[in-house]
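Residues per chain are reported as follows:
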Amino acid sequence: MDIVSIRNLTKKYPGFTLDAVSFSLKAGRITGFIGRNGAGKTTTIKSMLNLIHPDCGEIDYFGLPLAGNEAHIKKRIGYSTGTISWYPRKRIRDIKDVMKRFYDTWDDAKYESYLRMFALDENKTPRELSDGMKVKCNLLFALSHNAEALILDEPTSGLDPFSRDELLELFGQIKQAGVAIFFSTHIISDIEKCADDIVYISKGRIVAAISREEFAQRYQGQDETLEEAFLRLERRTLNA
């Protein structure tokens, strides 16, 4: 089943156009969203969440259009960016007490579990956290209400290699429960470690939206790593 379906998503800015972006996300699969800085990853994700308004296109979650069902849909998804810019002086404990009021499916046991896993002190405020711990704090809230889809913008940004591996292993556990995970990254090794599918965007256009195996067959040369293939494709696209 398609948990998320994006069709012909378009957003025009001076000097940049997100051009008829289309792809889908399936239950129980991890999709890596790759592309260089400025390729359109964050614009796509913000459009998917109605944080910016696309010029045209259709966005469906769970078979429902985002337009007209936004409140219901957002209770069923989790979203995290690489940074925290809200409630910087509030304790994590107090932020949790506010956030849980918005979710009928909030799970205190999961919150406590992830709090321990991420080694977060809920008596601290976001402004007291390192960049890596801020990422973990965002994920703590995104994972604590039994979301059916996780949309994560650079979730491993600022994490040390051990914490990144720990998080990628966690993704593998979460997908077993049927959760669709969509994460953007410029760290290609993260895609190689855990992604089932790849959505590759360049200059605002989708180059590929296929399984990792099909991507390897179609785009990777013999003995070529995913990162080497990506760099070669980018050079070719930019020179086109």
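Heads up: the structure comes first, above all this text.
First things first, this report covers the structure right here in the doc. This one's a predicted model, so the numbers in the text were calculated from it and none came from an experiment. (Residues numbered from 1 in each chain as written. Predicted model: local features only at pLDDT ≥ 70, side-chain atom pairs only at ≥ 80, totals over all residues. Heavy atoms only, no water.)

1. Quick word on helix α1 (residues 41–48)
Of all 8 residues in α1, 6 are buried, a share of seventy percent or more. All of the buried residues in α1 are Lys41, Thr43, Thr44, Ile45, Ser47 and Met48. The positive-phi residue at the C-terminal boundary of α1 is Asn50, with phi of around 60°. (Buried < 20%, exposed > 50% of the residue type's maximum accessible area, 1.4 Å probe, protein only. Helix = DSSP H or I, 4+ residues; strand = E, 2+ residues; numbered from the N terminus.)

2. Observations regarding the side chain of Lys96
The topology assignment puts Lys96 in helix α3 (residues 92–99). In this structure, Lys96 is in contact with Trp106, Asp108, Tyr111, Glu122 and Phe141, ignoring residues within four places of it in sequence. (Contact = heavy atoms within 4.5 Å.)

3. Some points on the packing of α3 against helix α5 (residues 131–143)
As a packed pair, α3 and α5 sit with axes 11 Å apart at the nearest point and diverge in direction by 30°. Here α3 lies roughly parallel to α5, going by the angle between them. Once α3 is placed against α5, the crossing between them reads as right-handed. Contact residues: α3 offers Ile92, Ile95, Lys96 and Met99, while α5 offers Cys137, Leu140 and Phe141. Looking at the contact of α3 with α5, its residues break down into 6 nonpolar, no polar and 1 charged. (Axes fitted to C-alpha atoms, helices over the stretch in contact; angles between N-to-C directions. Parallel < 35°, antiparallel > 145°, perpendicular 65-115°, else oblique. Left-handed = near helix turned anticlockwise from the far one by under 90°. Nonpolar A, V, L, I, M, F, W, Y, C, P; charged D, E, K, R; others polar.)

4. A closer look at the sheet that holds strand β10 (residues 205–211)
Here we have 6 strands laid out as an open sheet, ordered β6-β7-β8-β3-β9-β10, and mixed in their pairing. For this open sheet the edge positions go to β6 (77–80) and β10, each flanked by a neighbour on one side alone. Strand-to-strand twist of the sheet, defined as the mean angle between neighbouring strand axes without regard to direction, takes the value 15°. As judged from the 4 bridges shared by β6 and strand β7 (residues 149–153), these two strands associate in the parallel manner. Bridged to Ser80 within β7 is Leu152. Contacts between helix α6 (residues 161–175) and the sheet are confined to β3 (30–34), β7 and β8 (180–185), with β8 contributing the most and set at about 155° to the helix. (Pairing = 2+ DSSP bridges.)

5. A look at the environment of Val207
Tracing the backbone shows Val207 in strand β10. Val207 sits in the partly exposed class, given a relative accessible area of 32%. Taking the C-alpha atoms as reference points, Val207 and Asp55, separated by 152 residues in sequence, lie 21 Å from one another. Setting aside residues no more than four positions away along its own chain, Val207 makes contact with Tyr200, Ile201, Ser202 and Tyr219.

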